[in-house]
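Commentary on secondary and tertiary structure
Take a look at the letters that make up each chain.
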Amino acid sequence: MRLELKQELRQTRESVNVLISFELDPWEGITDSQRTIESSQTLKQTVLEYYHIGANFCMVCRSASKVVNAHIWPVHSRGKGLEYIGLDPSHLNDARNVLRLCKSIEVAFDKKEVMIIADGDQFILIVLNPKLMDEPVEGTPFKFKDCHKYPLQFCHRNPPVYPFRRLLAIHAHQAICNAVKHNWPCDYSEPMLALETVKNLLGKSVLGDARDKVMGFLDRGNLAL
Ligand SMILES: [Zn+2]
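These numbers were taken from a predicted model, which means no experiment stands behind them.

**Re the overall build of the protein chain**
Helix and strand counts for the protein chain stand at 7 helices and 7 strands. Across the 225 residues that make up the protein chain, the buried fraction comes to 37%. Intrachain contacts of the protein chain at a sequence separation of at least 6 include 69% that bridge at least 24 residues.

Structure, rendered in structure tokens:
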């Protein structure tokens, strides 16, 4: 009897872990049809006002012609999973879950081919898929290699306005796992460095409990590197 109970508990725990890992990696299996072709004008306006930037400003390339609302936690998740990290589904369309990026960079972000990490006081873009390096960033004179390790620009306001760092941290973690899976050369794939990368992003978070929640989930076996 006790053994059966143990087995049942283990099975339950496994299915919960699968569910959690799916919800904490909503970028996995994202398809083109699920990608937002055009975000609402209202959200765009909210995001531009929050970050205090113009419509043609890409946070990586600066002036560009194909800049879109790039959700960090993707729209197709409908906000599922956010409750595990101290947010709720309504935060899906919060300006802090949205970056303004060139369409090419947004697509690469969703595919975990690029990630955004913290470097001192700045956030920088890291290109993980080596095949992307020579690809053009549409609407700009740049290639992806020109954007590699390039700092994102946020308006200097007091207090400063930033995106949800905990969501960038989870994305970075999953992007590093994805780079390892594909054997992409990655300076951050060594487990200690990967953890450091996540912690650096969270270190900027003002909410200590959010940090604990994210670390708690990433510590679970099937999410760790
Ligand atoms: Zn750009």
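**So, the environment of Ile117**
Structurally, the position occupied by Ile117 is in strand E5 (residues 114-119). Contacts of Ile117, omitting those with residues within four sequence positions, involve Ile124, Ile126, Ala172, Thr197, Asn200 and Leu201.

**As for the pairing of strand E3 (residues 67-71)**
Of all 5 residues that make up E3, 5 are buried, and the element is covered over most of its length. Pairing geometry for E3 and strand E4 (residues 98-102), over 5 bridges, is antiparallel. When the sheet's bridge partners are listed, Ala70 is paired in E4 with Leu99.

**Digging into helix H3 (residues 103-110)**
Most of H3 is tucked away, with 6 of its 8 residues classed as buried. If you check which residues of H3 are buried, you get Ser104, Ile105, Glu106, Ala108, Phe109 and Asp110. Elements that come into contact with the buried residues of H3 comprise E3, E4 and E5. Of the residues flanking the end of H3, it is Lys112, one or two places downstream, whose phi is positive at about 60°.

**Considerations on helix H5 (residues 165-181)**
With 17 residues, H5 extends 24 Å between its outermost C-alpha atoms, agreeing within 8% with the 24 Å of an ideal straight helix rising 1.5 Å per residue. Most of H5 is tucked away: 14 of the 17 residues are buried. Following H5 by one or two positions, Asn183 has its phi on the positive side, about 60°.

**A few points about the sheet that holds E5**
Taken together, 3 strands build an open sheet; the order of strands is E5-E6-E7 and the sheet is antiparallel. In this open sheet, the two edge strands, each paired with only one partner strand, are E5 and strand E7 (150-151). When strand E6 (residues 122-127) meets E7, the two strands line up antiparallel, connected through 2 bridges. Bridge assignment links Leu125 to a residue of E7, and that residue is Tyr150.

**Some remarks on the nonpolar core**
Val60, Leu101, Cys102, Val114 and Ala172 are the most contacted members of the largest nonpolar core, which has 55 residues in total. Considering every element that reaches this core, the biggest residue donor is H5, with 8 residues. Not counting chain neighbours up to four residues away, the residues in contact with Ala172 comprise Met115, Ile116, Ile117, Thr197, Val198 and Leu201.

**Some details on the pairing of E5**
Burial analysis of E5 places 5 of its 6 residues in the buried class, the great majority of the element. Between E5 and E6, which follow one another and run antiparallel, lie 2 residues, and Gly120 among them has a positive phi close to 60°.

**Digging into the environment of Pro89**
The topology assignment puts Pro89 in the loop between E3 and E4. Judged by the 14 C-beta atoms lying within 10 Å of it, Pro89 falls in the partly exposed class. Sequence separation between Pro89 and Ser77 is 12 residues; the distance between their C-alpha atoms is 9.1 Å. Among residues more than four places away in sequence, those in contact with Pro89 are Arg78, Gly79 and Leu82.

What counts and how
- Residues numbered from 1 in each chain as written.
- Predicted model: local features only at pLDDT ≥ 70, side-chain atom pairs only at ≥ 80, totals over all residues.
- Helix = DSSP H or I, 4+ residues; strand = E, 2+ residues; numbered from the N terminus.
- Buried ≥ 20, exposed ≤ 12 C-beta atoms within 10 Å, placed from the backbone.
- Contact = placed C-beta atoms within 7 Å.
- Pairing = 2+ DSSP bridges.
- Expected span 1.5 Å × (residues − 1).
- Core = buried A, V, L, I, M, F, W, Y, C linked by C-beta atoms within 7 Å.

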